[in-house]
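Here are the chains, one letter per residue:
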Amino acid sequence: QVQLVESGGGLVQAGGSLRLSCATSRSIFGNSFMGWYRQAPGKQRELVARMTSSGGTNYADSVKGRFTISVENAKNTVLLQMNSLKPEDTAVYYCKAAGRTYYDPDYWGQGTQVTVSS
């Protein structure tokens, strides 16, 4: 059973924009800190952006000023707006719902491909 449903990936030229979306259930959304990770070929999965326990956000240095994470509470959805895309942003992007407490499990989306051409 798919718990997180991602959409919005695709092919874009360098300098372009994409918006990723990740929808989940109210239960998972309310018990998780939502975030985005990515994995490029031959590399480890890395944090892109995430919501924090204080209601703030964390970004990887490589995307600061270009990417913005946000949530739509009414839709139980987390978004990732990606602007000024670079070829090095090419990766599979994964949505993660990180459990707020020890008793809340983590969930991962199936991944969506983002390809930035030069």
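To be clear, the structure that these remarks concern was listed above.
Here the structure is a predicted model, which means the values were calculated and not measured.

Observations concerning the environment of Asp 106
Thinking step 1. On the secondary structure map, Asp 106 appears in the loop between strand S9 (91-99) and strand S10 (107-108).
Thinking step 2. For the pair Asp 106 and Ser 70, spaced 36 residues apart in the sequence, the C-alpha separation amounts to 19 Å.
Thinking step 3. A polar contact of 2.8 Å, which involves the side chain of Asp 106, links it to the backbone nitrogen of Gly 99.

Description of the nonpolar core
Thinking step 1. In terms of nonpolar packing, the biggest core is built from 26 residues, with Met 34, Trp 36, Val 48, Phe 67, Leu 80, Met 82 and Tyr 93 touching the most fellow members.
Thinking step 2. Of the residues forming this core, the biggest block, four residues, is contributed by S9.

Considerations on the sheet that holds strand S7 (residues 67-72)
Thinking step 1. If you walk across this open sheet you meet the four strands as S1-S3-S8-S7, and the pairing is antiparallel. Each edge of the sheet is formed by a strand with only one pairing partner; in this case those strands are strand S1 (5-7) and S7. Going from strand to strand, the sheet's axes swing by 15 degrees on average, the running direction of each strand aside.
Thinking step 2. Here strand S3 (residues 18-23) pairs with strand S8 (residues 77-82) via six bridges, running antiparallel. Each bridged residue has a counterpart across the sheet, and for Ser 21 the counterpart in S8 is Leu 79.

Section: unusual backbone geometry
The bulk of non-glycine residues show a negative phi, and the bulk of peptide bonds are trans.
Thinking step 1. At Asn 76, a position not held by glycine, the phi torsion is positive, near 50 degrees.
Thinking step 2. When you line up the elements, Asn 76 lands in the loop between S7 and S8.
Thinking step 3. Relative accessible area serves as the criterion here: at 15%, Asn 76 is assigned to the buried category.

Some words on the pairing of S3
Thinking step 1. Note that S1 and S3 share three bridges and pair antiparallel. Its bridge partner lying in S3, Ser 7 is registered against Ser 21.

Points about the state of the cysteines
Thinking step 1. In total, this model carries one disulfide according to the counting rule given.
Thinking step 2. Shown here is the disulfide that connects Cys 22 with Cys 95, its sulfur atoms set 2.1 Å apart. Residues Cys 22 and Cys 95 are joined by a disulfide whose S-S torsion is about -80 degrees; by sign, that bridge is left-handed. Note that Cys 22 is positioned in strand S3 and Cys 95 in strand S9, a separation of 73 residues in sequence. Considered together, Cys 22 and Cys 95 belong to a single accessibility category, that of buried residues.

Reading guide: rules and limits
- Residues numbered from 1 in each chain as written.
- Predicted model: local features only at pLDDT ≥ 70, side-chain atom pairs only at ≥ 80, totals over all residues.
- Heavy atoms only, no water.
- Helix = DSSP H or I, 4+ residues; strand = E, 2+ residues; numbered from the N terminus.
- Polar contact = N/O pair within 3.5 Å; in protein donor to acceptor, adjacent residues only side chain to side chain.
- Core = buried A, V, L, I, M, F, W, Y, C linked by side-chain atoms within 4.5 Å.
- Buried < 20%, exposed > 50% of the residue type's maximum accessible area, 1.4 Å probe, protein only.
- Pairing = 2+ DSSP bridges.
- Axes fitted to C-alpha atoms, helices over the stretch in contact; angles between N-to-C directions.
- Disulfide = S-S within 2.5 Å.

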